[in-house]
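Below, each chain spelled out in residue letters.
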Amino acid sequence: MLTLGIAALLAAGPQAVQRLTFEDQPPALPAALARPGKSDRSLTNRAMLMVQRPIGSWFDGKTKKPIEFAWLYLPEFAFARLANLEKIEHWHPGELERRWLRVSRPMRNRIAFFVQLAAAPKFDLLRMKTEGASSVEQIENCRFMLLVGDARLDPVHVESVLESSSSGPSLFENVPWYQFAPNGEVFIKEFDAPYSPSEVEDGAYKLFLFRVDFDLSRAAPLLGTTDQISLRILSRSKERKAVYRLNSGSL
C-alpha cells in the first residue's frame, strides 16, 4: 500500500489535497464561509450546502423532490460546524481546539463521504395517490467507487450507519449525517438528543445512510493532474453521482 507523509501529500495537487486533509490545526475557511451570515446559526447551513450533492429524486404527485444526497466530509465543514457551536453556546477557551482534535485525528489519510439513499412508493397518476411498497433492491445491491479524473479508486471502508423507515416522506429531510462521523457527538448541540431512527419499523418510506471512506494517499498523486473527484454509486439500472471541484471555493 502506498503511504505518504503530509508534506508529500501537499506536494501533489497542493490546494486539492489540502482541502481533503485533516490536520491538528483547523483549516482556514473559504470566503463563502468566512464572511458573516444572516444569523449565528447560518454557518452550519452554508457549510452543509457547500458539501451536499442531490443524487436521487422522487415524484410526489406535484414535483420531483430530491430525497437522496451525498455529502463530502471536508475538514472545512467539520471546523465550520464546531465554530458555529462555539459561537452560539459560548464555549470556554480551548474547547474548540479540543473538539477539533477529537474529530480530526480519526480522519488521518481518509476521504469520507456520507450517502443518503432512499426508497418511496410510486405515485399512481390514475388514482392520484402513492400506492404499494417501496423497493430497496437498488440500495441493498449497490457499489461505491471514487473517480479522480478518469482513475478509479475502491473504498477502504463502507458502513451502514443508519436505517430508518416512516409512514411519510419527512423522513428524508434534515438528517444530521455528521453526527455519524468518528466522535460525531461533539457536533451535537448542548440541549439536543442524538438523532435516532424512526419508530415506524414497517413504513413505506425508507432511508439508509452510509459512510464510505477512501484512501487519501492513493488519491493524492492523481490530484496532481486534476482537481475533480466524483463519487459514483452503481446499481442494477441506475448510476448516482456526486461531483466536486476541489480547487473551487464553492466546490
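In this text, all values refer to a predicted model and were calculated from it rather than measured experimentally.

### A short note on the side chain of Gln179
- Here Gln179 shows up in the loop between strand E8 (157–166) and strand E9 (205–215).
- Here Tyr195 takes part through its backbone nitrogen, which lies 2.9 Å from a polar atom of the side chain of Gln179.
- Discounting residues that sit within four places of it in the chain, Gln179 has contacts with Gly184, Glu185, Ile188, Pro194 and Tyr195.

### Quick word on the sheet that holds strand E2 (residues 64–72)
- Reading across from one edge, E1-E2-E3-E9-E8 is the order of the five strands in this open sheet, with antiparallel pairing throughout. Each having just a single partner strand, strand E1 (52–59) and E8 make up the two edges of the open sheet. Each adjacent strand pair in this sheet contributes to an overall mean axis angle of 20°, direction not counted.
- In the sheet, strand E3 (residues 110–119) pairs with E9 via 10 bridges, with the strands oriented antiparallel. By the bridge assignment for E9, Phe114 is matched with Arg211.
- Against the sheet, helix H4 (residues 42–51) engages E1 and E2, with an angle of about 80° to E1.

### Some points on H4
- For H4, the buried fraction is high: seven of the 10 residues fall into the buried class.
- Every buried residue of H4 is accounted for by Ser42, Leu43, Thr44, Ala47, Met48, Met50 and Val51.
- Contacts made by the buried residues of H4 are with helix H2 (14–20), helix H3 (31–34), E1, E2, helix H5 (75–89) and strand E11 (239–245).

### A look at the pairing of strand E10 (residues 228–234)
- Burial within E10 is extensive, with five of its seven residues counted as buried.
- As defined by bridge partners, strand E6 (residues 143–148) adjoins E10 across six bridges and the pair is classed as antiparallel. Bridge pairing links Leu147 to Ser230 in E10.
- Across seven bridges, E10 lies against E11 in antiparallel orientation. Residue pairing in the sheet places Leu231 in a bridge with Ala242 of E11.
- The hairpin formed by E10 and E11 contains four residues between the paired strands.

### Points about the packing of aromatic side chains
- Using the criterion set out here, one finds 17 aromatic pairs in the structure.
- A centroid spacing of 5.4 Å and a plane angle of 15° characterise the contact between Trp71 and Trp177, whose relative ring orientation is stacked. Within this pair, whereas Trp71 is found in strand E2, its partner Trp177 is found in the loop between E8 and E9, the two being separated by 106 residues in sequence. For the residue pair Trp71 and Trp177, the accessibility class agrees, reading buried in each case.
- With 6.3 Å between their ring centres and 85° between their planes, Tyr73 and Trp177 make a pair best called edge-to-face. Taken together, the residues span a long stretch of sequence, with Tyr73 in the loop between E2 and H5 and Trp177 in the loop between E8 and E9 at a distance of 104 residues. Both residues of the pair, Tyr73 and Trp177, count as buried.
- Each member of the aromatic cluster is reached from another via a ring pair, and the members are Phe22, Phe69, Trp71, Tyr73, Phe77, Phe79, Trp100, Phe114, Trp177, Tyr178 and Phe187.

Each value, and the rule that gives it
- All residue numbers refer to position in the chain's written sequence, counted from 1.
- In view of the model being predicted, local features appear only for residues whose pLDDT reaches at least 70, and side-chain atom pairs are presented and counted only at 80 or more, with totals across whole chains, interfaces and linings using the full set of residues.
- Side-chain measures here rest on the full set of heavy atoms in the structure, leaving out hydrogens and waters.
- Under the DSSP-based scheme used, a helix requires at least four consecutive residues in state H or I and a strand at least two consecutive residues in state E, with every element numbered from the N terminus.
- Any pair of N or O atoms that falls within 3.5 Å is considered a polar contact. Within protein, one atom must be able to donate a hydrogen and the other to accept it, and sequence-neighbouring residues count only if both atoms are side-chain atoms.
- A contact between two residues is defined here by any heavy atoms of the two lying within 4.5 Å.
- Only when DSSP finds a minimum of two bridges between them are two strands counted as paired.
- Fitted lines through C-alpha atoms give the axes, limited to the stretch in contact for helices. The angle between two N-to-C directions lies from 0 to 180 degrees.
- Relative accessible area decides the class of each residue, using a 1.4 Å probe on protein chains only: under 20% of the type maximum gives buried, over 50% gives exposed, and in between gives partly exposed.
- Between 30 and 60 degrees the pair is tilted, below 30 it is stacked and above 60 it is edge-to-face, where a pair is any two Phe, Tyr or Trp rings, Trp via its six-membered ring, whose centres lie within 6.5 Å.

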